[in-house]
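Architecture and fold: a report
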Amino acid sequence: MAKRLTAKKIEKYLKRGSSCTLCGRALALEGESVEIDGNEARQEMSCFDCDLRWIDIYVLARIELAESLT
Ligand SMILES: [Zn+2]
């Protein structure tokens, strides 16, 4: 099966992030441990269904004071 990862699929994934970038299956994703470097974090992802592997990249967006969580 040819892997066709279009810009549209990537855009959709960036909005939801909960299903595979390529085949769209939810619950088939596995994330490795998150590596944090400065204000950026990376997590290797893979899909059991279509064997696609990619890296999610997170950028620090905001903080919440710990007091507000208690
Ligand atoms: Zn997949």
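Once a new chain begins, its residue numbering starts again from 1 and follows that chain's sequence as written. Per-residue local features of the predicted model are confined to residues with pLDDT of at least 70, and side-chain atom pairs are confined, for both listing and counting, to 80 or more; whole-chain, interface and lining totals are unaffected and use all residues. Side-chain descriptors were evaluated using all non-hydrogen atoms of the structure, hydrogens and water having been removed beforehand.

Some thoughts on the environment of Gly24
To be explicit about the condition: A run of DSSP states H or I qualifies as a helix once it reaches four residues; a run of E qualifies as a strand once it reaches two. Both are numbered from the N-terminal end. Residue exposure (1.4 Å probe, protein chains only): buried if accessible area is under 20% of the type maximum, exposed if over 50%, otherwise partly exposed.
Examined against the element boundaries, Gly24 turns out to sit in the loop between α1 (7-16) and β1 (29-37). Among the residues examined, Gly24 registers a relative accessible area of 42% and is labelled partly exposed. Separated by 23 residues in sequence, Gly24 and Cys47 have C-alpha atoms that sit 9.6 Å apart.

A closer look at the sheet that holds β1
Inclusion rule: Two strands form a pair only when DSSP identifies at least two bridges running between them. Between N-to-C directions, angles cover 0 to 180 degrees, with each direction set by a line fitted to C-alpha atoms, over the stretch in contact for helices.
An order of β1-β2-β3 is seen for the 3 strands of this open sheet, with the pairing classed as antiparallel. Whereas interior strands pair on both sides, the edge strands pair on one side only; in this sheet they are β1 and β3 (53-59). Strand-to-strand twist across the sheet, computed as the mean angle between neighbouring axes with direction ignored, equals 20 degrees. Of the strand pairs in this sheet, strand β2 (residues 40-47) and β3 are connected by 7 bridges, and their pairing is antiparallel. Counted as the bridge partner of Ala41 is Tyr58 from β3.

Overview of the confidence of the model for the protein chain
Keep this limit in mind: One number per residue, pLDDT, summarises how confident the predictor is, and it ranges from 0 to 100.
Within the protein chain, residue pLDDT values average 87, and 93% of them lie at 70 or more. Across the protein chain, the element-wise mean pLDDT spans from 88 in α1 up to 94 in β2.

Looking at the coordination of the zinc ion
When four donors bind a metal tetrahedrally, each ideal donor-metal-donor angle is 109.5 degrees, and when six bind octahedrally, the ideal angles are 90 or 180 degrees. Condition: In this analysis a donor is any N, O or S atom within 2.8 Å of a metal ion (3.2 Å for sodium, potassium and calcium), and since water is not included, sites may seem incomplete. Donor angles set the geometry label: tetrahedral for four donors if every angle is between 85 and 135 degrees, square planar for four and octahedral for six if opposite donors exceed 155 degrees and the others are between 65 and 115, irregular for anything else.
Those protein atoms acting as donors to the zinc ion are Cys20 (SG), Cys23 (SG), Cys47 (SG) and Cys50 (SG), and they sit at 2.3 Å. Coordination at the zinc ion comes from 4 donor atoms whose angles at the metal span 105 to 118 degrees, giving a geometry best classed as tetrahedral. Here the donor residues for the zinc ion map to a single chain with the spacing C-x2-C-x23-C-x2-C. Here Cys20, found in the loop between α1 and β1, pairs with Cys47, found in strand β2; they are 27 residues apart in sequence, far enough to count as distant. The same class applies to Cys20 and to Cys47, which are both buried.

Quick look at a nonpolar patch on the surface
Stated formally: Patch definition: residues above 30% relative accessible area lacking any salt bridge, with like charges linked at up to 9 Å and the nonpolar side chains Val, Leu, Ile, Met, Phe, Trp and Tyr linked at up to 5 Å. Only the protein chains shown count as cover for residues, and all accessible areas are computed by the Shrake-Rupley method using a 1.4 Å probe. By convention in these notes, a salt bridge is any Lys or Arg side-chain nitrogen within 4 Å of a carboxyl oxygen on Asp or Glu.
Together, Leu5, Ile10 and Leu14 make up a nonpolar patch on the protein surface, roughly 290 Å² of accessible area in all. Along the chain, Leu14 falls in helix α1.

Some thoughts on the packing of aromatic side chains
The cut-off we apply is this: Pairing of aromatic rings covers Phe, Tyr and Trp, the last through its six-membered ring, and needs centres within 6.5 Å; plane angles under 30 degrees mean stacked, over 60 mean edge-to-face, and all others mean tilted.
By the definition in use, this model includes 1 aromatic pair. Consider the rings of Tyr13 and Trp54, whose centres lie 5.5 Å apart with planes at 90 degrees: the pair is edge-to-face. Placement of Tyr13 in helix α1 and of Trp54 in strand β3 is noted, with a sequence separation of 41 residues between them. For Trp54, a relative accessible area of 13% gives the class buried.

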